[in-house]
Every structure is written in structure tokens, then in C-alpha cells.
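# What the coordinates show
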Amino acid sequence: MKQAVWIFAILIVTLNAVPAAAEPLLWQALRDGRAAVLIRHALAPGTGDPAAFDVADCATQRNLSEEGRAQARRIGDMFRANGIDTAAILTSQWCRCRDTATEMALGPVQDAPFLNSFFANRGDGPDQTAALRTYLTEADPETPLVLVTHQVNITALTDHFPRSGELVFVELPVTDDLTVLGTVETR
């Protein structure tokens, strides 16, 4: 019976829509270590980064708005409401991603350079996507696995174009045929 429910969830997601009734299956998969969630950082007005961008200086970057910070806190509340109080959180080194991860308040946040944006350096995309795929292929999480990153990274891996703060659940372990189990909007 469990397998039939899981297959049903995958079929629903394949249609690119997750009805509210299927959402609990995504959270269960995350709690069980059968899925990881990729999150596009919360709302940060604009596109890309200013010309003087410095990864070590948030003042040179496009950052979360107050609405984005509130969205990130709501995402953390969403995790807790679905039985996830702590998670293994990896993030891009960009401030908008690190701030999203921190505001979620699910545990310590660890920088993962393979989650950094390659929007301005498209040539880095294939190597970073391969590194992300390798990480997800080898992942065997003891706690729910959450990766906070950018639209370009998620799209390169999944072919899905997420909105700010959108959750993209991928099946673990990742194989040659990466499976997106579903997405959840957080606005």
C-alpha cells in the first residue's frame, strides 16, 4: 500500500502540480531521508548582482527584502508544522541564500560552494551542477537535507524554474534520472 501511495504521488508531480492532499507525502519523504529539498532563496528584489559584487561583502549584493526575511521565517515555520524541527542545511555563500537559511532557524548552516550562483558565470554551470548531482547521489541523510541556492542552479539540475522561496523536493538517492517529486510554493 505504501508503494502505491508513493507511485501516486510521483504521478501527480509528473503533471507538475502538487495538490494539497499530496503535499504530506513530500514532507514524509523528506523526514524519511527519501528526498532532499532545494530552496530558491526568499524574495530579494532585482536580478543578478551589482557589478561590484563581492561574495564576502553583503553590502555589494542583492539581498533579502524585509518581505523576503519574513518569507524565510514562514518557510521555517512550514518545516516545523510538518514535523521537521532540525535539518542539515547547506547553502550558497551568497548572502541572500545564507540569510534565507539562517532565518528558517532549523539548525546550523553550512556553506557549500557548489550551490553558489553561476548566473554571471554560465561557464561554471556544468561543473557546479555535476558537483551538486554527485552530492545528492552520495547523500544518505540522517536528518532532513535542505539546500538553499539560486534559480539557475535548480533549473540546471531539474529543468524547473522555481519562484523565490519555492521548495523543490527531489528523490534520494539521485540516479541518472533525477526525479522531482513535487514543488511547494511559499508566498
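Residues numbered from 1 in each chain as written. Predicted model: local features only at pLDDT ≥ 70, side-chain atom pairs only at ≥ 80, totals over all residues. Heavy atoms only, no water.

The next subject is the nonpolar core. In a soluble, globular protein the nonpolar side chains are often hidden away together inside. Grouped together as the largest cluster of nonpolar side chains are 22 residues, with contacts concentrated most on Ile39, Phe79, Val146, Leu167 and Phe169. Elements with a contribution of two residues or more to this core: helix H2 (23-31), strand E1 (35-40), helix H3 (66-81), helix H4 (95-104), strand E4 (145-149), strand E5 (167-171) and strand E6 (180-184). Not counting residues within four places of it along the chain, the set of residues in contact with Ile39 comprises Ile75, Phe79, Met104, Val146, Leu147, Val148, Thr149, Ile154, Gly165, Glu166 and Leu167. Counting 18 residues, the second largest nonpolar core, distinct from the first, contains Leu115, Ala139, Val170 and Val174. (Core = buried A, V, L, I, M, F, W, Y, C linked by side-chain atoms within 4.5 Å. Buried < 20%, exposed > 50% of the residue type's maximum accessible area, 1.4 Å probe, protein only. Helix = DSSP H or I, 4+ residues; strand = E, 2+ residues; numbered from the N terminus. Contact = heavy atoms within 4.5 Å.)

So, about the pattern of salt bridges. Any two side chains of opposite charge can pair, on the condition that their charged atoms come close. Throughout the structure, instances matching the rule amount to eight salt bridges. Here the salt bridges share partners, and the residues they tie into one network are Arg69, Arg73, Asp99 and Glu103. (Salt bridge = Lys/Arg side-chain N within 4 Å of Asp/Glu carboxyl O.)

A separate point is the side chain of His150. Structurally, His150 is set in the loop between E4 and helix H6 (151-158). Accessibility expressed as a relative area gives 3% for His150, which makes it buried. Among the polar contacts listed, one links the side chain of His150 to the backbone nitrogen of Ser117, at a separation of 3.4 Å. With residues up to four places along the chain from it excluded, the contact list for His150 reads Arg40, His41, Ser92, Trp94, Arg96, Cys97, Leu115, Asn116 and Ser117. (Polar contact = N/O pair within 3.5 Å; in protein donor to acceptor, adjacent residues only side chain to side chain.)

With 14 residues, helix H5 (residues 125-138) should cover 20 Å at 1.5 Å per step; its first-to-last C-alpha distance of 20 Å lies within 8% of that length. Where H5 is concerned, the buried positions are Gly125, Gln128, Thr129, Leu132 and Leu136. Within H5, the buried residues cover an arc of 100° as seen down the axis, which keeps them to one side. The exposed residues of H5 that point more than 90 degrees off its buried face are Pro126, Asp127 and Glu138. Check the buried side of H5 and you find it contacts E1, E4, H6 and E5. (Expected span 1.5 Å × (residues − 1). Arc of directions from axis to C-beta.)

The next point concerns unusual backbone geometry. Of note, the bond from Leu172 into Pro173 is cis; its omega dihedral lies within 30 degrees of zero at -10°. Along the chain, Pro173 turns up in the loop between E5 and E6. One non-glycine residue, Ala105, adopts positive backbone phi at about 55°. With respect to the helices, strands and loops of the structure, Ala105 is situated in the loop between H4 and strand E3 (109-111). The phi angle at Asp159 is positive, at roughly 65°, despite the residue not being glycine. Here Asp159 shows up in the loop between H6 and E5. Of the residues examined, Asp159 reaches a relative accessible area of 73% and is grouped as exposed.

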